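# Coordinate analysis (summary)
Listed below are the residues making up each chain.
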Amino acid sequence: MGPAATAEFYAKLVARTAAERDQDHLRVAIWADPTVPDRVAAVLDGSTDPYPALLAGAEKLRDLGANLIAIPCHTAHFFLNRLAAESGVPFVDMIAETAEFLAGRTGPVGLLGTRGTIAAGLYQRGVPGVDWAVPSETGQRNVDAAVAAVKRGDLAGGAEHFDRALADVDAPLSVLACTELPLVTGQAAGVLDPTDLLADAMIRRCGGKPVDARPSG
C-alpha cells in the first residue's frame with residue numbers, strides 16, 4: 001500500500017532469489033493500491049475501514065492466478081486471517097516468520113512500528129517469549145515522523161527521525177515493524193527487517209531458492 005515499500009519488497013524478492021537467468025525468478029503479480037484507507041486509524045479508533053479494499057486487492061490477485069500472497073505492510077496483518085479465509089488464497093505471515101527467526105532469543109528487542117501495529121499487539125502476541133522494548137512517546141513520534149517522511153519522499157529527513165527512534169529503544173536488536181523504515185536505516189547496526197524474512201519465505205514456498213543471505217542485523 002505504501003508505493004515505496006511495495007517497490008522495495010519486489011526488489012528484495014529479486015535480489016534474494018538464487019538465479020542465473022530470468023527464468024529462475026518467480027512469476028509475480030503486484031497489486032499496489034495507495035488508495036486503501038489508513039490501516040493505523042482502523043486499528044486505533046475504527047475511523048477508517050480498509051478491509052473492503054484489502055479484500056478486493058486479494059481477489060484481484062486470486063483472479064490473476066496467484067496461489068500465495070504476501071502483504072509488505074505490518075499493520076495490515078491485523079486483517080490477515082480474515083483476508084485468507086474470505087479470499088480463499090493463503091498468505092505468508094510476516095509476523096510468524098519473525099517469530100520463528102527470533103525463537104529462543106533472550107534480552108530486550110526493540111519494536112519500531114506504527115502506533116496501530118504496537119497498539120494491536122501484533123508482535124507482542126505473535127512473537128512469544130520476547131522481551132519487547134517499545135519506544136517512549138518521544139521515540140514513537142520520531143517513528144511516526146520517519147514513516148511520514150518516507151511517504152512524501154524525504155528519505156534524508158526520515159533517516160534523521162529513524163536514528164532518534166532507534167536510540168530511544170536502547171536495545172541490542174530492533175525489529176523494523178513498518179515497511180517504510182527499512183528505506184531509511186542506512187548502515188544502522190542491530191536492526192532486523194522482517195520483509196527479508198517474508199521475501200525468503202515467499203521464494204521457498206513458490207519453489208525458488210533464497211540466496212544464502214541473513215536478514216539485516
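This report concerns the structure included in the present document. (Residues numbered from 1 in each chain as written. Predicted model: local features only at pLDDT ≥ 70, side-chain atom pairs only at ≥ 80, totals over all residues. Heavy atoms only, no water.)

## Let's talk about the side chain of Lys-12
- By secondary structure assignment, the location of Lys-12 is in helix H1 (residues 3-15).
- Within the local environment of Lys-12, its side chain forms a polar contact with the side chain of Asp-193, the two groups lying 3.0 Å apart.
- Look past the residues within four positions of Lys-12 in its chain and what remains in contact with it is Asp-193, Thr-195, Asp-196 and Ala-199. (Helix = DSSP H or I, 4+ residues; strand = E, 2+ residues; numbered from the N terminus. Polar contact = N/O pair within 3.5 Å; in protein donor to acceptor, adjacent residues only side chain to side chain. Contact = heavy atoms within 4.5 Å.)

## Points about the side chain of Thr-195
- Relative to the assigned elements, Thr-195 resides in helix H10 (residues 194-205).
- Residue Thr-195 is classed as buried on the basis of its relative accessible area of 4%.
- With residues near it in sequence (within four places) discarded, Thr-195 still touches Phe-9, Lys-12, Met-94 and Thr-179. (Buried < 20%, exposed > 50% of the residue type's maximum accessible area, 1.4 Å probe, protein only.)

## With respect to the pairing of strand S1 (residues 108-113)
- Of all 6 residues that make up S1, 5 are buried, and the element is covered over most of its length.
- Bridge count for S1 against strand S2 (residues 131-133) is 3 bridges, and the pairing is parallel. When the bridges of S2 are listed, Pro-108 appears paired with Asp-131.
- As paired strands, S1 and strand S3 (residues 173-177) are joined by 5 bridges and run parallel to one another. Note on S3: the bridge partner recorded for Val-109 is Leu-173. (Pairing = 2+ DSSP bridges.)

## Re the pattern of salt bridges
- Applying the stated criterion across every chain, the model contains 13 salt bridges.
- Residue Lys-151 is joined to Glu-180 by a salt bridge in which the shortest nitrogen-to-oxygen separation is 3.2 Å. Note that Lys-151 is positioned in helix H8 (residues 137-151) and Glu-180 in the loop between S3 and strand S4 (191-192), a separation of 29 residues in sequence.
- Judged by relative accessible area, Glu-180 falls into the buried class, the value being 5%.
- Within the structure, one salt-bridge network assembled from shared partners comprises Lys-12, Arg-16, Asp-193, Asp-196 and Asp-200. (Salt bridge = Lys/Arg side-chain N within 4 Å of Asp/Glu carboxyl O.)

## A few points about the sheet that holds S3
- With parallel pairing, the 4 strands of this open sheet are ordered in space as S2-S1-S3-S4. Both edges of this open sheet fall to S2 and S4, since each of them pairs with a single strand only.

## Focus on the state of the cysteines
- Per the counting criterion, the structure on display carries 0 disulfides.
- Left unpaired, Cys-73 is separated from the closest cysteine sulfur, that of Cys-178, by 7.2 Å.
- Take Cys-73: its relative accessible area is 10%, and that puts it in the buried class.
- Not engaged in a disulfide, the cysteine Cys-206 finds its nearest cysteine sulfur in Cys-73; these two sulfurs lie 20 Å apart. (Disulfide = S-S within 2.5 Å.)

## Describing the layout of surface pockets
- Counted as a void, the largest pocket has a volume near 840 Å³.
- Val-28, Ala-29, Leu-61, Leu-68 and Ile-69 are the residues nearest the centre of the largest pocket, which is lined by 31 residues in total.
- Of all the secondary-structure elements, those providing two or more residues to the lining of the largest pocket are H1 and helix H3 (51-63).
- The element best represented in the lining of the largest pocket is H3, accounting for 5 residues.
- When grouped by side-chain class, the residues that make up the lining of the largest pocket number 25 nonpolar, 4 polar and 2 charged.
- Of the volumes computed, that of the second largest pocket is approximately 300 Å³.
- In this structure, the second largest pocket is lined by 18 residues; those nearest its centre are Asp-38, Arg-39, Val-40, Lys-151 and Glu-180.
- When contributions to the lining of the second largest pocket are tallied by element, the ones reaching two or more residues are helix H2 (39-45) and H8.
- Each residue belonging to the lining of the second largest pocket can be placed in one class, and the counts come to 8 nonpolar, 5 polar and 5 charged. (1 Å grid on protein atoms, 1.4 Å probe; cavity = no way out; pocket = protein on both sides within 12 Å on 5 of 7 lines; lining within 4 Å. Points joined across faces, edges and corners; volume = space filled by probe spheres on them. Nonpolar A, V, L, I, M, F, W, Y, C, P; charged D, E, K, R; others polar.)

## A few points about the pairing of S3
- With 5 of its 5 residues buried, S3 lies for the most part within the structure.
- Taking every second residue as pointing to the same face, both faces of S3 are buried, with Leu-173, Val-175 and Ala-177 on one and Ser-174 and Leu-176 on the other.
- Pairing analysis gives 2 bridges linking S3 to S4, with the strands arranged parallel. Directly across from Ser-174, in S4, lies its bridge partner Val-191.

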